[in-house]
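Chains, contacts and geometry: an overview
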Amino acid sequence: MGDATFTVDLNADLGEGFGIWRIGDDEALLGMVTSANVACGFHAGDPAGLLAVCRMASIAGARVGAQVAYRDLAGFGRRYIDMDYDDLFADVAYQIGSLQALAHVAGLRVGYVKPHGALYHAVIDNPHQARAVASAVHAVDPTLTVLGLPHSLLFREAEMIGLRTVAEVFADRAYRPDGTLVPRREAGAVLHDPAVIAERAVRMVTEGLVTAEDGTDVEVRAESICVHGDSPGAPHILAAVWEELRAAGVDLQPFC
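Now for a look at the structure at hand. Quick caveat: nothing in here was measured; it's all calculated off a predicted structure. (Residues numbered from 1 in each chain as written. Predicted model: local features only at pLDDT ≥ 70, side-chain atom pairs only at ≥ 80, totals over all residues. Heavy atoms only, no water.)

Turning next to the packing of aromatic side chains. By the definition in use, this model includes five aromatic pairs. Centre to centre, the rings of Tyr112 and Phe255 are 5.0 Å apart; their planes meet at 65°, and the pair counts as edge-to-face. Placement of the pair is Tyr112 in strand β4 (residues 110-115) and Phe255 in the segment after β10 (250-252), with a sequence separation of 143 residues. For Tyr112, a relative accessible area of 0% corresponds to the buried category. Sitting over the face of the ring of Trp242, Arg246 holds its NZ or CZ atom 6.0 Å from the ring centroid. (Phe/Tyr/Trp six-rings, centres within 6.5 Å; stacked < 30°, edge-to-face > 60°. Helix = DSSP H or I, 4+ residues; strand = E, 2+ residues; numbered from the N terminus. Buried < 20%, exposed > 50% of the residue type's maximum accessible area, 1.4 Å probe, protein only. Lys NZ or Arg CZ within 6 Å of the ring centre and 35° of its normal.)

Below, the structure is given as structure tokens:
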């Protein structure tokens, strides 16, 4: 393989267990990702588990980001909550601060923030929630990067106050023709075939396109690729994506 023509970040959601319940293989995933979206205790994760993930990330050389969410352990953060601006602002700031403390103990710095689940989708077009999340990130640390869906209200709010934004794509999720994700409650929303997912990832990076559920091509901006760590067989899926990207001449590098 010659010199890499394209560069992209590869991220996954980690630290999503709670107590004795474990979700995903954090150690295996940390051997491949360049950025780790670490839960902050609201939708998943407990302090000891999150500290362990931060320590593993330090050894693996992966960057760490705060994956902020609604306070919804029972629903894994996938249920929309109609929150007041002040409440959401405080919840997001609290979550970032919690992970910053654990990352500091592990010798790391939190470099970015990514909303999770229902909050991720809400800040695409919900003005006051998008503003609350962006404002909380800026208030905690204006050097933090926001990772999310391009053309969202979150990106608009973040960029208006000087935050850096990084656009991500989802290799293992189905897309609508408008560039948004097919809701998880719909059939076919989550993909499971490692070969299909890896092929989509390469095309997203090298061509800037993904095939939507109706068969049309949708333009995407792939600065970071997400593979969900809680999916069955996630390490095998991520390994396939990693291998195909490298074979296609794509250099895997963190964005911060």
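As a further point, take the pattern of salt bridges. Tallied over the full model, the rule gives 13 salt bridges. Its salt-bridge partner being Arg109, residue Asp141 comes within 3.4 Å of it at the nearest N-O pair. Of this pair, Asp141 sits in the loop between α5 (127-140) and β5 (145-148) while Arg109 sits in the loop between α3 (85-105) and β4, and the two are 32 residues apart along the sequence. Classification of Arg109 by relative accessible area gives partly exposed; the value is 49%. Residues Glu157 and Arg156 are paired through a salt bridge, measuring 3.8 Å at the closest nitrogen-oxygen approach. Assessed through its relative accessible area of 8%, Glu157 is described here as buried. What you see here is one network of salt bridges that share partners, running through Asp13, Lys114 and Glu168. (Salt bridge = Lys/Arg side-chain N within 4 Å of Asp/Glu carboxyl O.)

On to the packing of helix α7 (residues 194-207) against helix α8 (residues 234-247), then. In the contact formed by α7 and α8, the axes pass within 8 Å of each other and the chain directions differ by 40°. When the axes of α7 and α8 are compared, the pair comes out oblique. Note on packing geometry: the crossing formed by α7 with α8 is right-handed. Two secondary-structure elements touch here, α7 through Pro194, Ile197, Ala198, Ala201, Val202 and Val205 and α8 through His236, Ile237, Ala240, Val241, Glu244 and Leu245. Partitioned by chemical class, the residues of the contact of α7 with α8 number 10 nonpolar, one polar and one charged. (Axes fitted to C-alpha atoms, helices over the stretch in contact; angles between N-to-C directions. Parallel < 35°, antiparallel > 145°, perpendicular 65-115°, else oblique. Left-handed = near helix turned anticlockwise from the far one by under 90°. Contact = heavy atoms within 4.5 Å. Nonpolar A, V, L, I, M, F, W, Y, C, P; charged D, E, K, R; others polar.)

Let's shift gears to the state of the cysteines. Within this structure, the stated rule accounts for zero disulfides. Among the cysteines around Cys40, which has no disulfide bond, Cys54 carries the closest sulfur, lying 8.9 Å off. A disulfide-free cysteine, Cys226 has its sulfur positioned 15 Å from the sulfur of Cys256, the nearest such atom. (Disulfide = S-S within 2.5 Å.)

It is worth spelling out the side chain of Gln129 at this point. Considering the arrangement of structural elements, one finds Gln129 in helix α5. In this structure Gln129 comes out as buried when scored by relative accessible area, which is 0%. In contact with Gln129, not counting residues within four places along its chain, are Tyr70, Tyr80, Ile81, Asp82, Met83, Leu88, Leu119, Ala122 and Val123.

Once that is clear, we can look at the environment of Val38. Relative to the helices and strands, Val38 is located in strand β2 (residues 35-39). With residues near it in sequence (within four places) discarded, Val38 still touches Leu14, Leu50, Val53, Val64, Gly65, Ala66, Gln67 and Leu99.

Buried residues dominate strand β3 (residues 63-68), accounting for five of its six residues. Pairing between β2 and β3: five bridges, direction parallel. By the bridge assignment, Ser35 is partnered in β3 with Arg63. Taken together, β2, helix α2 (residues 47-60) and β3 form a β-α-β motif whose crossover is right-handed. Where β3 and β4 come together, five bridges link them in parallel fashion. Each bridged residue has a counterpart across the sheet, and for Gly65 the counterpart in β4 is Tyr112. (Pairing = 2+ DSSP bridges. Right-handed = clockwise from strand over helix to strand, strands pointing away.)

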